[in-house]
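Geometric and topological summary
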Amino acid sequence: MLAETKFAAAKPLDKPALGEPYLLTPGPLTTAYSVKQAMLRDWGSWDGDFRAMTADMRRRLLALTGDANGEFDCVPMQGSGSFCVEAMLGSFVPKDGKVLVLANGAYGLRAAQTMQYLGRAYTLIDKGDYLPPRGDEVAAALEADHAITHVIAIHCETSSGILNPVAEIAEAVHAKGRKLLVDSMSAFGAVALDVNEIRYEAMVSSANKCIEGVPGFGFIIARKSELEAAKGRSHSLSLDVHAQWAHMNKTGQWRYTPPTHVVAAFLEALRQHEAEGGVAGRGARYTRNRDVMVAGMRELGFETLLKDRWLSPIIVTFFNPAHASFAFDRFYELMKDKGFIIYPGKLTVVDSFRVGCIGQMDEHVMRRVVEAAAQSLKEMGVDTAAPPAAAIAERAKLAA
């Protein structure tokens, strides 16, 4: 059974003001109306007011890492999360370096594909659709290949919804004298990534995830020593993290046109994040969302891909029902008609779909999600959501 969270249920959150469906996706996600309102004003990218906004944003993000010694700095970068992952890899991995990529889903494999495009050496531990990379496997790979200089791990792999054991991986990487890079795209801000507890050299996340901003930029938080060493390494003019960092620290400005409205929205989202209790408070709401939704879906007969230990508070994968009348496309449309946009599955071995737990949603909304799922099944003539036996057999491969 999933553990109850210690945070009491709060007053229900406001519904989307324009009546749009809830986005049950891992970003873009449903945002607060005040976040949207923050984008109504225009800002000059060179103006002192906007430069102050950028500086404030960087300080607030650094504070979320627990960096009390000033060893890290924050570098926002224009573009999507994948742009920023590429910027991190291209800037922090030397041209003669080698990366061990840990993959158990689409985003680990995308990191490997990025290394291919960069033309830099890498090796891959591919655990398939959802099995977690473990510390002993990482240690063995590093022991076997002394050319490896860096390891990249995905904090929460949203293909399956698994929360990977980053602390365990970090310990193995540090023990072998290598450097860890973390893609915390969909976890940072709701799942702790404290630099005092988990050793990493750099991490990357995005504005439109657990901070609950809108798409338009990401950010790299890295040790200053790594930022200094990154000078001249990047394969790209626009994705050069060192150059962006140096320019920001010198002028307070982004090197190229920043997403001004998105930054303004993100600052409002950061203020709300702080008011909710920071990482712990935001993570508690998302965890409660997950627990309420999973319990309700299981009562309908749905089964999760992952056992409770591995379920993240970000997004949950469910097996498609085995019932002959179930068709995901129809289920999707019925759920959308009821105000909820869910996510198709990404598994290759069994059919599935995903339900996100993040964004401006709470347990009251998640109960409505379960009610909508029950009604949608009824409209399809599906009297049980139980999955096929093959799906349960696949789940049995995952260690307890």
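One can find the structure itself at the top, above this paragraph.
This write-up is about the structure you can find in this document. (Residues numbered from 1 in each chain as written. Predicted model: local features only at pLDDT ≥ 70, side-chain atom pairs only at ≥ 80, totals over all residues. Heavy atoms only, no water.)

Another aspect to go through is the overall build of the protein chain. Check the secondary structure of the protein chain and you find 13 helices and 14 strands. Over its C-alpha atoms the protein chain spans a radius of gyration of 21 Å, differing by no more than 12% from the 21 Å that the globule rule assigns to 400 residues. Relative to its 400 residues, the protein chain shows a buried fraction of 57%. (Helix = DSSP H or I, 4+ residues; strand = E, 2+ residues; numbered from the N terminus. Rg over C-alpha atoms; globule rule 2.2 N^0.38 Å. Buried < 20%, exposed > 50% of the residue type's maximum accessible area, 1.4 Å probe, protein only.)

Moving on to the side chain of Asp 183. Of note, Asp 183 is situated in strand β8 (residues 179-183). Buried charge Asp 183 goes without a salt bridge, the closest partner of opposite sign being Arg 110 at 7.9 Å. Engagement of the side chain of Asp 183 in a polar contact is seen with the backbone nitrogen of Met 185, the distance being 3.0 Å. With residues up to four places along the chain from it excluded, the contact list for Asp 183 reads Val 85, Ala 153, Ile 154, His 155 and Val 204. (Lys, Arg positive; Asp, Glu negative; His and termini not counted. Salt bridge = Lys/Arg side-chain N within 4 Å of Asp/Glu carboxyl O. Polar contact = N/O pair within 3.5 Å; in protein donor to acceptor, adjacent residues only side chain to side chain. Contact = heavy atoms within 4.5 Å.)

Looking now at the pairing of β8. Both faces of the sheet carry side chains from a regular strand, because those side chains alternate between them. The buried count for β8 comes to four of five residues, which makes it a mostly enclosed element. As paired strands, strand β5 (residues 150-154) and β8 are joined by five bridges and run parallel to one another. Bridge pairing in β8 places Ile 152 opposite Leu 181. Where β8 meets strand β9 (residues 202-206), three bridges bridge the pair, whose relative direction is parallel. Paired with Leu 181 across the bridge in β9 is Ala 202. (Pairing = 2+ DSSP bridges.)

Overall, the coordinates contain zero disulfides when judged by the stated rule. No disulfide involves Cys 210; its sulfur sits 8.0 Å from the nearest other cysteine sulfur, which is in Cys 156. (Disulfide = S-S within 2.5 Å.)

Let us look at the pattern of salt bridges. In the structure shown here, the tally under the stated rule is 24 salt bridges. The closest approach of N and O atoms between Glu 137 and Lys 127, which form a salt bridge, is 3.0 Å. Here Glu 137, found in helix α5 (residues 135-144), pairs with Lys 127, found in the loop between β4 (121-126) and α5; they are 10 residues apart in sequence, far enough to count as distant. Residue classification places Glu 137 among the partly exposed residues on the basis of a relative accessible area of 27%. Each of Asp 56, Arg 59, Arg 60 and Glu 274 takes part in a single network of salt bridges with overlapping partners.

Taking 1.5 Å of rise per residue, the 18 residues of helix α12 (residues 363-380) would be expected to cover 26 Å, and the 26 Å separating its terminal C-alpha atoms lies within 8% of that figure. Residues Glu 363, Val 365, Met 366, Val 369, Val 370, Ala 372, Ala 373, Ser 376, Leu 377 and Met 380 constitute the buried set of α12. The buried residues of α12 occupy an angular sector of 165° when the element is viewed end-on, so they sit on one face. Summarising the geometry of α12, the exposed residues directed more than 90 degrees from the buried face are Glu 371 and Lys 378. After α12 finishes, the residue Gly 381 shows a positive phi value of roughly 80°. (Expected span 1.5 Å × (residues − 1). Arc of directions from axis to C-beta.)

What follows is about unusual backbone geometry. Backbone torsion omega between Gly 27 and Pro 28 reads 0°, so that peptide bond is classified as cis. Counting through the fold element by element, Pro 28 comes out in the loop between β1 (22-23) and α1 (33-37). Phi at Glu 212 takes a positive value of approximately 70°, unusual for a residue other than glycine. Looking at the secondary structure, you find Glu 212 in the loop between β9 and β10 (217-223).

For the rest of this paragraph, the subject is the packing of helix α11 (residues 328-337) against α12. It is at 9 Å that the axes of α11 and α12 come closest, and there the two elements cross at 130°. When the axis of α11 is compared with that of α12, the two are oblique. Crossing of α11 over α12 shows right-handed handedness. Residues Arg 330, Phe 331, Leu 334 and Met 335 of α11 touch α12, and the partners they reach there are Val 369, Ala 372, Ala 373, Ser 376, Leu 377, Glu 379 and Met 380. Looking at the contact of α11 with α12 residue by residue, the classes come out as eight nonpolar, one polar and two charged. (Axes fitted to C-alpha atoms, helices over the stretch in contact; angles between N-to-C directions. Parallel < 35°, antiparallel > 145°, perpendicular 65-115°, else oblique. Left-handed = near helix turned anticlockwise from the far one by under 90°. Nonpolar A, V, L, I, M, F, W, Y, C, P; charged D, E, K, R; others polar.)

To continue, consider the pairing of β10. Among the seven residues that make up β10, seven are buried, leaving the element largely enclosed by the rest of the structure. Direction of pairing for β9 relative to β10: antiparallel, over a ladder of five bridges. Across the sheet, the residue bridging to Val 204 is Ile 220, located in β10.

Further remarks concern the sheet that holds strand β14 (residues 352-356). Within the open sheet, the three strands sit side by side as β11-β14-β13. Their pairing is antiparallel. This sheet does not close on itself; its edge strands, each paired only once, are β11 (315-319) and β13 (343-344).

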